[in-house]
Amino acid sequence: MVAVLLALLVPLRSFTVAKNAPVVMPAAATTAESRVHLQIVSTAAPFTFSVSHLGKVVWQGESPTSPVEKDVNLPIPKEGIDLAVDAKWPAGGTAAVKLSVTRGDEEPVAQTLWGDGAASDVLTFH
Amino acid sequence: MKTFLPALAAIGLALGTAGAADKVKVVSFSTILTEIAEQVGGGAVNVISLVGPGVDPHEYQPTPGDLKQLAGARLILASGKHIEHYLDKLQASAGGDAVLVKVGDLMPSLKMTAEENSNTVVEDPHWWNSVPNVERATKIVRDALITVAPSDKDVFTTNAAAYLTKLAALNQWIKQEVALLPRDKRELVTSHDAFQYFARDYGFKIYAIEGISTEQEASTKQVNDLIDTIKKAGVKAVFLEDTLNPKVSTEITRETGAKIGGTLYADGLGVGADSYDAMQRHNVTTIVEALK
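Now for a quick tour of the structure. (Residues numbered from 1 in each chain as written. Chains lettered and ligands numbered in written order. Predicted model: local features only at pLDDT ≥ 70, side-chain atom pairs only at ≥ 80, totals over all residues. Heavy atoms only, no water.)

## What to know about the sheet that holds strand E3 (residues 56-63) of chain A
Paired through their backbone hydrogen bonds, the strands of a sheet run either parallel or antiparallel.
Reasoning step 1: Taken together, four strands build an open sheet; the order of strands is E3-E2-E5-E8 (chain A) and the sheet is antiparallel. Across the chains shown, the open sheet's two edge strands, defined by having one partner strand only, are E3 and strand E8 (118-125) of chain A. Mean inter-strand twist for the sheet, computed between neighbouring axes without regard to direction, equals 15 degrees.
Reasoning step 2: Bridge count for strand E2 (residues 47-53) of chain A against E3(A) is seven bridges, and the pairing is antiparallel. Paired with A:Phe49 across the bridge in E3(A) is A:Gly61.
Reasoning step 3: Against the sheet, helix H6 (residues 153-178) of chain B engages strand E5 (81-88) and E8 of chain A, with an angle of about 50 degrees to E8(A). (Pairing = 2+ DSSP bridges. Helix = DSSP H or I, 4+ residues; strand = E, 2+ residues; numbered from the N terminus. Axes fitted to C-alpha atoms, helices over the stretch in contact; angles between N-to-C directions. Contact = heavy atoms within 4.5 Å.)

Take a look at the structure:
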């Protein structure tokens, strides 16, 4: 008798407990990459530099002269992008780098970073 | 040795290590302001914190015992921006000559719609969730301490400069960490609307379950609207707060498929975040890990 009641409990429970349909999160839209022209102008040379996006280095180098330029592919959503910029001047002293970002035929957007022997910051480009 | 002891005492005085009776008594109604006052005041101040870690400042009401603590205070520090509704009454009943500084009132406000009346604009009181605002607060507290104890000006100036250097490093660290998230993924669902200053500084969009105060719960319609918004936006995580009930947040995750991203310190220091630096590092690490 007990076994029969127990056997009945399982199907009965399935009628009384609400079943939540699994919620499917919409797939996060990924921003397509686009060709971006980067230019760094430094007030002093030689200098070393690196530019990172989302924790990955997209451009780094050491240059005896200024400016330096490179084309990279980056996803740029309408909210803009953050680029982490590091620069070092072995000669020391106060110096600055200006990073210009140009997307397609758009006007370049530039940000400047000052430092004493070295500079490091996250620059936002809209 | 006889000549050494007076020399040591003289050095102690010069460094501002006054005895308890000689210290400037400061009473604070904010965990963040308590830390700032201790950091800037150093050995020259005795800071009494009436709102302790983990206490919701929106709900806090001073007790008769708290009123007694105000006796002899030379400086009272409040967050301002109307978060301490009781303050004017409290100062009047406490009497005394203490200087009251509503620190938040001395910095620019973000304006928000009042929960009880959508036609009314109010000031967002959560200025401490912006490191640049805490830098402003440090300068305000430094200047207030110099006003009440001008003889310790050098101590306050030196200590404030050291604390400001730490805050600048913290701000830099936050910028580096947040830069790991694409700007179009910086969406925060929080228990109450306490992170607008953070959002402004670091490029986030906020969806809050409750308004700027924790005193009024969200209506069913507000929760349903938020669920729709979260589904449409594909927000990945909902964050809890250390001083609030997680019930509604948990329900929202069930309805939307978003995950619980962790618990944030929204209204000040708490258990497990005993300094402003620890509070911000915890919040930022939790947010970045959940949204990555």
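Having seen the model, we can carry on.
## Brief notes about the packing of helix H2 (residues 31-41) of chain B against H6(B)
Residue and element names in this part refer to chain B.
Reasoning step 1: At a minimum axis separation of 7 Å, H2 and H6 run at an interaxial angle of 125 degrees. Classified by the angle their axes make, H2 and H6 are oblique. Residues Glu35, Ile36, Gln39, Val40 and Gly41 of H2 pack against Val155, Phe156, Asn159, Ala160, Tyr163 and Lys166 of H6.
Reasoning step 2: Across the contact of H2 with H6, the residue classes break down as six nonpolar, three polar and two charged. (Parallel < 35°, antiparallel > 145°, perpendicular 65-115°, else oblique. Nonpolar A, V, L, I, M, F, W, Y, C, P; charged D, E, K, R; others polar.)

## Description of the packing of helix H8 (residues 220-233) of chain B against helix H9 (residues 247-256) of chain B
Residue and element names in this part refer to chain B.
Reasoning step 1: Where H8 contacts H9, the two axes come as close as 10 Å, and the packing angle between them is 45 degrees. With respect to H9, the element H8 is oriented oblique. Considering how the two elements wind past one another, H8 and H9 form a crossing that is right-handed. Together, Val223, Leu226, Ile227, Ile230 and Lys231 of H8 and Val248, Ile252, Glu255 and Thr256 of H9 make up the contact between the two elements. (Left-handed = near helix turned anticlockwise from the far one by under 90°.)

## Let's talk about the pattern of salt bridges
Reasoning step 1: Evaluated as defined, the whole model comprises 11 salt bridges over all chains.
Reasoning step 2: Put simply, B:Asp143 and B:Arg142 hold a salt bridge, and the shortest N to O gap is 3.0 Å.
Reasoning step 3: The salt bridge partner of B:Lys221 is B:Asp225, with a shortest N-O separation of 2.7 Å. One end of the pair, B:Lys221, and the other, B:Asp225, are both in helix H8, four residues apart, so they sit about a helical turn from each other.
Reasoning step 4: Given a relative accessible area of 58%, B:Lys221 falls into the exposed group.
Reasoning step 5: For B:Asp225, a relative accessible area of 35% corresponds to the partly exposed category.
Reasoning step 6: Within this structure, A:Asp82, B:Arg183 and B:Arg186 form a network of salt bridges that share partners. (Salt bridge = Lys/Arg side-chain N within 4 Å of Asp/Glu carboxyl O. Buried < 20%, exposed > 50% of the residue type's maximum accessible area, 1.4 Å probe, protein only.)

## Thoughts on the packing of aromatic side chains
Residues and elements named next belong to chain B.
Reasoning step 1: One pass over the structure, following the stated rule, counts nine aromatic pairs over all chains.
Reasoning step 2: For the ring pair Tyr60 and Tyr86, a centre distance of 5.6 Å and an interplane angle of 70 degrees mean the geometry is edge-to-face. Of the two residues, Tyr60 is situated in the loop between strand E2 (45-49) and helix H3 (64-69) and Tyr86 in the loop between strand E3 (75-78) and helix H4 (87-94); the sequence distance between them amounts to 26 residues.
Reasoning step 3: What makes Tyr60 buried here is its relative accessible area of 9%. (Phe/Tyr/Trp six-rings, centres within 6.5 Å; stacked < 30°, edge-to-face > 60°.)

## As for the pairing of strand E7 (residues 109-116) of chain A
All names here are of chain A.
Reasoning step 1: Relative to E7, strand E6 (residues 94-103) runs antiparallel, the two being bridged by eight bridges. For Ala95, the partnering residue across the bridge sits in E7 and is Gly115.
Reasoning step 2: Where E6 hands over to E7, the hairpin turn is made up of five residues, of which Gly104 adopts a positive phi near 55 degrees.

## Comments concerning the interface of chain A and chain B
Reasoning step 1: With 20 residues of chain A in contact, the opposing surface of chain B contributes 20 residues.
Reasoning step 2: Carbon and sulfur atoms make up 56% of the surface buried where chain A meets chain B, a total of about 1500 Å² over both sides.
Reasoning step 3: Joining chain A to chain B, the criterion identifies three salt bridges.
Reasoning step 4: For the salt bridge of B:Lys175 with A:Asp121, the shortest nitrogen-to-oxygen distance reads 2.9 Å.
Reasoning step 5: Between the two partners, chain A and chain B, sit seven residue pairs in polar contact (both at pLDDT 80 or more). (Buried area = accessible area lost by both parts, 1.4 Å probe. Polar contact = N/O pair within 3.5 Å; in protein donor to acceptor, adjacent residues only side chain to side chain.)

## Regarding empty space enclosed by the protein
Residues and elements named next belong to chain B.
Reasoning step 1: Under the criterion given, the structure shown has one cavity of 30 Å³ or more.
Reasoning step 2: Volume-wise, the largest cavity comes out at about 80 Å³.
Reasoning step 3: Lining the largest cavity are 15 residues, and of these Ser30, Thr31, Val51, Pro57 and Asp267 sit closest to its centre.
Reasoning step 4: Of the residues belonging to the lining of the largest cavity, the class tally is eight nonpolar, six polar and one charged. (1 Å grid on protein atoms, 1.4 Å probe; cavity = no way out; pocket = protein on both sides within 12 Å on 5 of 7 lines; lining within 4 Å. Points joined across faces, edges and corners; volume = space filled by probe spheres on them.)

## Some points on the environment of B:Asn245
Reasoning step 1: By secondary structure assignment, the location of B:Asn245 is in the loop between strand E9 (237-241) and H9.
Reasoning step 2: Along the backbone, B:Asn245 and B:Ser191 are 54 residues apart, and their C-alpha atoms lie at a distance of 8.6 Å.

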